[in-house]
Amino acid sequence: MNTSSSHFFSPLTAVASAALLCAASLAAVPALAQTATSTSTTAAAPAERKVITSADQLPRRTYTLAQLPSAYLSAPLAALKPLGAQLEADIQADLAAYDIKDAATLREAYGALASLAQLRGDWAAVPGWTAKARALQEKPAGKQTSGVLTDLLAQQQLEKRDAAWLSAEVARRYGAMNWAEVQDTIKANRGGVETFNPELMIGSFKAQLDVMAQNGQMVVPAQLAQAIVGTRMQMELLGPNKAAIVAGLQQVLDANSKTVAKADIWTPRTFSIPADAKAKPVLIGVWDSGVDLALFKTGAAKGLAFTDEGQPSKDLLRPLGEAEPRWPQLRSMIKGAMDQRAALDTPDSRQFRATLGGLKAEQAKGFGEDMALAGLYVHGTHVAGIAVDGNPFAQVYAATMLWSHKTEPSKPSEARSRLTAANYGTLVQGFKSAGVRVVNMSWRYGPSAYEMMMAYHNLGGTPEQRKAEALRLFKIERDALNAAIAGAPEILFVAGSGNEDNSADFEEYIPAGLSLPNLITAGAVDRSGSETSFSTFGKTVVVHANGFEVDAPIPGGVRMKLSGTSMASPQVANLAAKLIALKPELKPAEVKALILQGAERMSGADGKPGRVNLINPRKSAELAGIKL
């Protein structure tokens, strides 16, 4: 549960690093019965189900462990079954008691029940739960791929099939899918399975979950308990079948190697401003993890920075510290991770596979922290590069938050939240004083982040008291951020929605979930205009832009392709800055209106207008009276 992942959209989110996946699992949204009240028995469901419209309305449960989380990964499965039975009873009770108005939360509940059926050895029950989760998928790839591998592994166990059968069935099932819609998911799945390493799972548990359990005197949130069951079943089923699954997915990739790539509708929509155009300089604020300003034009004021403890800092670009000598290797790891996700066989991806495959449990913590540090180091600069692309009049102002990359999260407190709130006001005042016209914010968090950080340190009292305290602290920061943005009507703020394929509304994310006239939130599509598998959605997510494998510089100037709504948001900021450079008299509300009016509502899987509202920079410019 690393605090950096609670705040910003790491370009490594989709990487199949067990250390990072384990960290993300704790910082992720609280799903059904995932943070909660200690129960071994459950009350009868009420006659009328209570409607749930936000994550904080769900009950919180805790579970008392008989041994450390990492020990469950190698203990006999029988040792895990009492915990599994408690979890299953509670999830079933919650589904009966609550009318949950959030598909992502329900999908997680059904996925957990599939894992618990695996634990019981009830292989015939698994497809029923995966089918329920699949029915709630809203994206074309998810509708086809969700739960397929889980079903095949269950069928293999039920029918006593061998690895050759599994490989053939993987190739058959995935090969029958619409390649244009599922190719990115299949590539990512192959990359993830190929780099699966049980040692990293064990090491991550020891570094994070064991410590959390010990801090809580072996009483843990249900989210941790579910992670134990899910990880153990993954080790039981995925580990022995890794080669067969990779071979089957590779057959699908090979069969489509000559298939024409999806049409790029994004690039023709974009435009660049000629260097000799009649335009004015426009200052773009990059509120992020740090920017290498040596790569960009700047104004008189360079920026402001704060440490993870909320203290002022002079470091507008995050220092690598003792990791500096390892930077060339870390940079290669990042590129290798992205290449692996895209199923590219490159020197970097080969090195990435070799490194992950050779890691031992005791190396997991160091590897995870190194990768988190590298992600934070490159993130802000990459975002800035997207924001200024094709705009010779763009200047960059850095608003740097030096979030921690360490495994152990900070301890939430009222003093800390009030300092964060004050710093939000200071940063926005800095934008105003410097003359910033557009600000990009490729980060997000909600109250669940603080709830899990408090659980890690065993703070806040009972689970329900902890939930209330986390929400109280979060609201101090949320209200301050909302007031700061509202108090800068002369600036247009652009936020990324998130990378969790969930609802920003249900999770109460900031800044993505805020609704202000000078704020616009963006989701991610690929170059074909298809919503990415990871993009978070919601009523405040009103536009979309390319956020898949976007090429931009990282510190030092080397270019790299990264994916995330972190990369989509600055595409929108880029358009806003271009409109302002060419027509400086435009006000934020006018710029926002031009972006929305120029956007195109894309068709969904049913042929009707869907969720994606793809920006069209050229059309917005034309609506502004700009001749290109």
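Just so we're clear, the structure is a prediction, and the values are computed from it rather than from any experiment. (Residues numbered from 1 in each chain as written. Predicted model: local features only at pLDDT ≥ 70, side-chain atom pairs only at ≥ 80, totals over all residues. Heavy atoms only, no water.)

**Q** With reference to specific residues and values, describe the packing of helix 7 (residues 148-159) against helix 11 (residues 222-255).
**A** Interhelical geometry of helix 7 versus helix 11 gives an angle of 105 degrees and a closest axis separation of 12 Å. Compared by their axis directions, helix 7 and helix 11 come out roughly perpendicular. In this structure, helix 7 uses Leu149, Leu153, Gln156 and Gln157 to contact helix 11, whose residues at the interface are Leu237, Asn241 and Ile245. Looking at the contact of helix 7 with helix 11, its residues break down into four nonpolar, three polar and no charged. (Axes fitted to C-alpha atoms, helices over the stretch in contact; angles between N-to-C directions. Helix = DSSP H or I, 4+ residues; strand = E, 2+ residues; numbered from the N terminus. Parallel < 35°, antiparallel > 145°, perpendicular 65-115°, else oblique. Contact = heavy atoms within 4.5 Å. Nonpolar A, V, L, I, M, F, W, Y, C, P; charged D, E, K, R; others polar.)

**Q** Explain the pairing of strand 6 (residues 303-307) residue by residue, including any values.
**A** As paired strands, strand 6 and strand 8 (residues 394-402) are joined by five bridges and run parallel to one another. Looking at strand 8, one finds that Ala305 is bridged to Thr400. Sheet topology places strand 6 next to strand 7 (residues 312-313); two bridges connect them, and they run antiparallel. Directly across from Phe306, in strand 7, lies its bridge partner Pro312. Between strand 6 and strand 7, which pair antiparallel one after the other, the connecting turn spans four residues, and Gly310 there sits at a positive phi close to 90 degrees. (Pairing = 2+ DSSP bridges.)

**Q** Can you tell me about the nonpolar core, naming the residues and giving the values?
**A** Note on soluble globular proteins: their nonpolar side chains tend to be buried together. Grouped together as the largest cluster of nonpolar side chains are 77 residues, with contacts concentrated most on Trp327, Val572, Leu579 and Ile595. The element contributing the most residues to this core is helix 14 (residues 364-388), with twelve residues. When residues no more than four places from it in sequence are discounted, the contact partners of Ile595 are Leu492, Ile520, Val543, Val572, Leu575, Ala576, Leu579, Ile615 and Ser620. (Core = buried A, V, L, I, M, F, W, Y, C linked by side-chain atoms within 4.5 Å. Buried < 20%, exposed > 50% of the residue type's maximum accessible area, 1.4 Å probe, protein only.)

**Q** Could you give me a rundown of the packing of helix 4 (residues 103-120) against helix 5 (residues 126-135), with the residues and numbers involved?
**A** Relative orientation of the contacting elements helix 4 and helix 5 amounts to 170 degrees, with a least axis distance of 8 Å. Classified by the angle their axes make, helix 4 and helix 5 are roughly antiparallel. In this structure, helix 4 uses Arg107, Tyr110, Leu113, Ala114, Ala117 and Gln118 to contact helix 5, whose residues at the interface are Val126, Trp129, Thr130, Lys132 and Ala133. Considering only residue class, the contact of helix 4 with helix 5 consists of seven nonpolar, two polar and two charged.

**Q** Describe in detail the pairing of strand 10 (residues 492-496), supporting the description with residues and values.
**A** Taking burial as the measure, the five residues of strand 10 include five buried ones, the bulk of the element. Neither face of strand 10 is open: one carries Leu492, Val494 and Gly496, the other Phe493 and Ala495, and all of them are buried. The pairing of strand 9 (residues 438-441) with strand 10 spans four bridges and is parallel. Within strand 10, the residue paired with Val438 across the bridge is Leu492. For strand 10 and strand 11 (residues 519-525), the ladder comprises four bridges, and the chain directions are parallel. Considered in strand 11, the bridge of Val494 is made with Ile520.

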